[in-house]
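Residue-level structure breakdown
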Amino acid sequence: MSDNIIVTAAGDSIENTLVEEFQGGLRGPLLRPESDGYEAARKLWNGMFDRRPALIARCAGTADVIRAVNFARDHRLHVAVRGGGHSFPGHSICDGGLLIDLSAMKGIRVDPAARRAQAQPGVKWIDFDHETQAFGLATSGGTVSDTGIAGLTLGGGLGWLSSKHGLTVDNLTSADIVTADGRLVTANAAENPDLFWALRGGGGNFGIVTSFEYQLHAVGPMVVGGMVLYPLSQAKEVLRFYRDFTKTAPDELTIYAGFVTPPGGETVVALICCYCGPLGEGEEAVRPFKSLGTPVHDALGPLPFVAQQQIFDAGFPTGSNYYAKAASLGDLTDEAIEILIEYAATMPSPLSGMVIQTVFGAASRVAPDATAFRPRAFPYAPIIVSQWLDPAQTAENVAWARDCWGALQPFAGGVYVNDLGENDEDRVPAAYGANYQRLAALKKKYDPDNFFRLNPNIKPAN
Ligand SMILES: Cc1cc2nc3c(=O)[nH]c(=O)nc-3n(C[C@H](O)[C@H](O)[C@H](O)COP(=O)(O)OP(=O)(O)OC[C@H]3O[C@@H](n4cnc5c(N)ncnc54)[C@H](O)[C@@H]3O)c2cc1C
């Protein structure tokens, strides 16, 4: 028996017997602040968020998810939903209320003949790639292998296969979802197509996905990828080359640019890429990247696809403090390049960096209203990520990212919802642009009381 009082959003307390009854009906554990494992379970990837849910339901399966949704709704509890725990603005943790934690739901089934995979919402990209690469298959996922498939898929999904195979949402073929009324609904092209449209970019607004089904493609086991680094003094030429080259690059080649500071070194400009076609063609395609001047470091060449999927991992460790701002640009103008270089030269923390993600090739050929993911026509999506360890340095690191983002605003035309940061709620309608009204109508249909609100929130239409 716990003495901890569970308080609803309306300020009423819930009797312990009701909580115990809820707990008794779960297959996974229900953690309270005094439970073993509670402290570890409430930690997020982003160390900025020190929140304490009243209850954490570590769901073992769909039945637990349904039970948790019904309990939270009936008792008007605040709810946070967690897949891989990599929300930049800390949406997957709440103070008080119920955290519906899906991280233990890690089942994956690959059908190599049909080139399909089904995965549960606790799966991370490192798990997914492991299972699918056993058959020489992959889908379009993220660029840090510790991120969850769930949040990443539902927001859109930009990664190393985007130019060839589209975004992650373009490869989502079906999903099972528990809606706010506790029903399990399947959404795909044939069943509930309106919900299927909304799930492909609409984030966690419509319910809790308990199973994702993806189209797979032949990829690897080797690709041509990695990165080449140049000194900051050459950044203007490198980024101009990058801008021009990306516009005519083959679909097999997805290319990002960025700024990082290697341990103990100077800040450098990086070209990072993945060519997922024949290796010889890939080596030819990336050859120009190596002769833009004198590289500080050249690690561009054949490597296993799973290694490519992990090349950013060391730069984003769990527990650091993070703050991100992002924008989508119609072009990488000389003015925007100047701004990025100016801010790269003044990063207050050597752990911080910037990455210019891209929406080219197959990802850009899908119509902006074909899925909820909107910014298809904005090929460059820079994300400015502050990372620091000492909480006393929060203000200057947050200010740096905000100022850089502010300076880019005259060139920005949208934003990718998964790259929204803290206090970006007012940017959600702009992130969805002309798709927002349709999303708001579907929110009203599937979640009229805005039960799922701790996310880049779409308000139910009036
Ligand atoms: C280090 C890092 C690298 C990244 N790299 C990329 C990248 O390469 N490409 C890219 O596209 N994005 C990238 N992102 C952004 C990433 O897509 C989002 O942060 C995403 O939300 C992470 O998903 P998650 O499951 O790990 O997060 P969580 O924090 O678990 O979830 C985030 C939100 O998603 C929703 N959600 C999670 N699970 C479910 C579910 N099963 N059903 C319904 N809603 C759910 C909830 O609203 C939750 O608050 C990156 C983020 C980080 C921190």
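So, a few notes on the structure that sits alongside this text. Every chain's residues receive numbers from 1 upward, in the order its sequence appears when written. Residue-level local features of this predicted model are given only where pLDDT is at least 70; pairs of side-chain atoms are given and counted only at 80 or more, and the full residue set underlies all totals for whole chains, interfaces and linings. Excluded from the side-chain calculations are hydrogens and water; all other atoms, namely the structure's heavy atoms, are used.

Quick look at the site of the ligand
The line we're drawing: Put simply, a residue is near a molecule or strand once any heavy atom of it comes within 4 Å of that molecule or strand. N or O atoms closer than or at 3.5 Å make up a polar contact, with two conditions inside protein: a donor-capable atom paired with an acceptor-capable one, and, for residues adjacent in sequence, both atoms drawn from side chains. Values of accessible area rely on a 1.4 Å probe in the Shrake-Rupley scheme; residue burial ignores everything except the protein chains shown. Under the scheme used here, helices are H or I runs from DSSP no shorter than 4 residues and strands are E runs no shorter than 2 residues, and both carry numbers assigned from the N terminus. Residues were grouped as follows: Ala, Val, Leu, Ile, Met, Phe, Trp, Tyr, Cys and Pro as nonpolar; Asp, Glu, Lys and Arg as charged; and all remaining residues, including Gly, as polar.
For the ligand, the set of nearby residues contains 33 residues, the closest of which are G83, S92, T143, L158 and Y416. Within the backbone of H86, one N or O atom sits 2.7 Å away from an oxygen atom of the ligand. In this structure, an oxygen atom belonging to the ligand sits 2.6 Å away from a side-chain N or O atom of T143. The protein chains hide 96% of the 950 Å² of surface that the ligand would expose on its own. Elements with a minimum of two residues in the shell around the ligand: β5 (79-82), α5 (149-155) and β12 (208-215). Residues of the shell around the ligand, tallied by class, amount to 15 nonpolar, 17 polar and one charged.

Here's the deal with the packing of helix α8 (residues 235-248) against helix α11 (residues 334-344)
This is how the line gets drawn: Only C-alpha atoms enter the line fits that serve as axes; for helices the fit covers just the stretch in contact. Angles between N-to-C directions range over 0 to 180 degrees. When an angle is under 35 degrees it counts as roughly parallel; over 145 it counts as roughly antiparallel; between 65 and 115 it counts as roughly perpendicular; any other value is oblique. What makes a crossing left-handed is the near helix being turned counterclockwise from the far one by less than a right angle; a clockwise turn instead makes it right-handed. Only heavy atoms enter the contact rule, under which two residues are in contact if any of them lie within 4.5 Å.
One can describe the packing of α8 onto α11 by two numbers: an axis separation of 10 Å at closest approach and a directional angle of 135°. Our classification of the angle between α8 and α11 gives oblique. Between α8 and α11 lies a crossing whose hand is right-handed. Contact residues: A235, K236, L239, R240 and R243 in α8; D334, I337, E338 and I341 in α11. Within the contact of α8 with α11, the residues separate by chemical class into four nonpolar, no polar and five charged.

Details of the side chain of R32
Rules: Burial here depends on accessible area, computed with a 1.4 Å probe over protein chains only, as a share of the maximum for the residue type. Under 20% is buried, over 50% is exposed, and the range in between is partly exposed. Think of it this way: Lys and Arg go in the positive column, Asp and Glu in the negative one, and His and the chain ends go nowhere. The salt bridge criterion pairs a side-chain nitrogen of Lys or Arg with a carboxyl oxygen of Asp or Glu, the two atoms within 4 Å.
Counting through the fold element by element, R32 comes out in the loop between β3 (30-31) and α2 (38-41). Look at R32: it is buried, it has no salt bridge, and the nearest opposite charge is E34 at 4.8 Å. Among the polar contacts made by the side chain of R32, one reaches the side chain of N16 at a distance of 2.8 Å.

Overview of the pattern of salt bridges
This model, assessed by the stated rule, comprises 23 salt bridges. Put simply, D424 and K325 hold a salt bridge, and the shortest N to O gap is 2.6 Å. With a gap of 99 residues between them, D424 in the loop between β22 (412-414) and α14 (428-432) and K325 in strand β18 (residues 321-326) connect regions that are remote in the sequence. Just as D424 is buried, K325 falls in that class too.

Overview of the sheet that holds β3
Neighbouring strands of a sheet are bound in pairs by backbone hydrogen bonds; such pairs are parallel or else antiparallel. Note the cut-off: Note on pairing: two strands pair once DSSP finds at least 2 bridges between them.
Spatial ordering of the open sheet is given by β3-β4-β6-β5, a layout of four strands whose pairing is mixed. Every interior strand has two partners, whereas the edge strands, β3 and β5, have only one. Here strand β4 (residues 55-58) runs beside strand β6 (residues 98-101); their pairing, made up of four bridges, is parallel. Counted as the bridge partner of A57 is I100 from β6. Strand contacts of helix α3 (residues 62-74): β4, β5 and β6, with the helix running at about 165° to β6, the strand carrying the most contacts.

Section: the environment of G282
Within the secondary structure layout, G282 lies in helix α9 (residues 279-286). Sequence separation between G282 and E213 is 69 residues, and the spatial gap between their C-alpha atoms is 30 Å.

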